[in-house]
Amino acid sequence: DVLFSKDGTVGKVLTTSDYPPVVVLSSIAIFSPKPDRVDPGYLAQYLRWDQTLRRLLGRRTGTAIQRVILRDLRSLDVSLPPLPEQRKIAAILSSIDETIEMTERVGAHLMQCRGLLEQSLLTTGLRGRHGRMRSTALGMVPASWKVLRLDQVILSGPTNGKSPVSRSMPPGIPTFSIGAVREGRLNLTGNLKFTDLAPDDVERFHLEPDDVLIVRANASADFLGRSAIVEAVPEGCIYPDLLLRVRTGPDIRPRFLSYVWNSRVVHAALVAKAKTTNGTFKVNQTDVASTLLPVPPTEEQAEIEGVLDAVESFVLRNREYRLQLARLKKSLSGVLLSGELRITSPGGAAA
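Quick caveat: nothing in here was measured; it's all calculated off a predicted structure.

Secondary structure assignment for the chain yields nine helices and 19 strands. The C-alpha radius of gyration of the chain comes to 27 Å, more than 25% above the 20 Å expected for a compact globule of 351 residues. Taking the principal axes of the C-alpha coordinates as reference, the chain spans close to 75 × 55 × 45 Å. A buried classification covers 40% of the 351 residues belonging to the chain.

Spelled out as structure tokens, the structure:
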């Protein structure tokens, strides 16, 4: 049988060949393919195809709730090449699915390892480096480390940004939405906007490389307080009001600050200070400035950065590989399931 979720998370598909007999909820549609006409693996891939889901959901208009009804499923037209070709198409697309699933598992393990490594490096330092620990307001840290407030290690800030009316296309002063803050970095792809602003304001709110931005308000407590380091932005780019900008002093490196600021111990302390207004969590400049940080010597900060940067590169490469696989799956599904590309037999004819 082939199972298709028609309510809630619409479009999830599963074949039951590897499972014992089960009873499913009414939100699941059950397909029992005729063995002499339809390969179950092929049907599963056809139902997963985004074009199929678009056709099914296109019939349900006028509501924000996604739902597919049985009548539409029963009347769905399915392109059926000969059975041998169906099996080959299913095998090709399933092999990509298996690779995607394996890559996702690797990605999940990398994220878990990154979290554990960050927690260890940012609280106990490099392995074998420290023989003595001491008790602080942040817990136990190496004896050679300092515990300082943010305002003791920055040259300027925290300073709120500015959010004038913006547009998606130039001309104008470049700015961005808060969605550009992602996992310790500022990513302007898909988030860049343009606005009109007086030169004095541009000078006041512009960004420079190595600035660190901190989210001061968000509906998600997990996203509140997250930071991103500015690596490269268009000239004159300003930052929005929902962010705070800090510029570091000689006692802390910008990249290390971003790592330690996003760590569990610092983030939890900041969220504990948050106020809630109309479902939005907020912290102010004083909350941020008074947050305590573990501060190793700058040489050790650089070494810790190097280790975490290496792990981060693995995470990013894994993510890009998953995106490439998803694009490959979408492309191949389009040409194979539509019949645009036929799977031929050794003799050259369609299977």
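This brings us to the packing of aromatic side chains. Aromatic ring pairs are reported here in terms of the distance separating the ring centres and the angle at which the planes meet. Tallied over the entire structure, the rule returns three aromatic pairs. A centroid spacing of 6.2 Å and a plane angle of 35° characterise the contact between Y42 and Y46, whose relative ring orientation is tilted. Residue Y42 and its partner Y46 are both found in helix α1 (residues 40–48); the two are separated by four residues, about one turn of the helix. Across this residue pair, the class does not change: Y42 and Y46 are buried. Between F205 and Y239, the ring centres sit 6.3 Å apart and the planes meet at 70°, which makes this aromatic pair edge-to-face. Residue F205 is located in helix α5 (residues 199–205), and its partner Y239 is located in the loop between β15 (227–229) and β16 (243–248); the two are separated by 34 residues in the primary sequence. Its relative accessible area of 0% is what places Y239 among the buried residues. The ring centre of Y259 lies 4.3 Å from the NZ or CZ of R255, which sits over that ring.

Next up on the list: helix α2 (residues 50–58). Taken together, the buried positions of α2 are occupied by T52, L56 and L57. Axial view of α2: buried residues confined to an arc of 125°, hence all on one face. The elements touched by buried residues of α2 are β1 (2–5), α1 and α3 (70–74).

What counts and what doesn't
- Residues numbered from 1 in each chain as written.
- Predicted model: local features only at pLDDT ≥ 70, side-chain atom pairs only at ≥ 80, totals over all residues.
- Heavy atoms only, no water.
- Helix = DSSP H or I, 4+ residues; strand = E, 2+ residues; numbered from the N terminus.
- Rg over C-alpha atoms; globule rule 2.2 N^0.38 Å.
- Buried < 20%, exposed > 50% of the residue type's maximum accessible area, 1.4 Å probe, protein only.
- Phe/Tyr/Trp six-rings, centres within 6.5 Å; stacked < 30°, edge-to-face > 60°.
- Lys NZ or Arg CZ within 6 Å of the ring centre and 35° of its normal.
- Arc of directions from axis to C-beta.
- Contact = heavy atoms within 4.5 Å.

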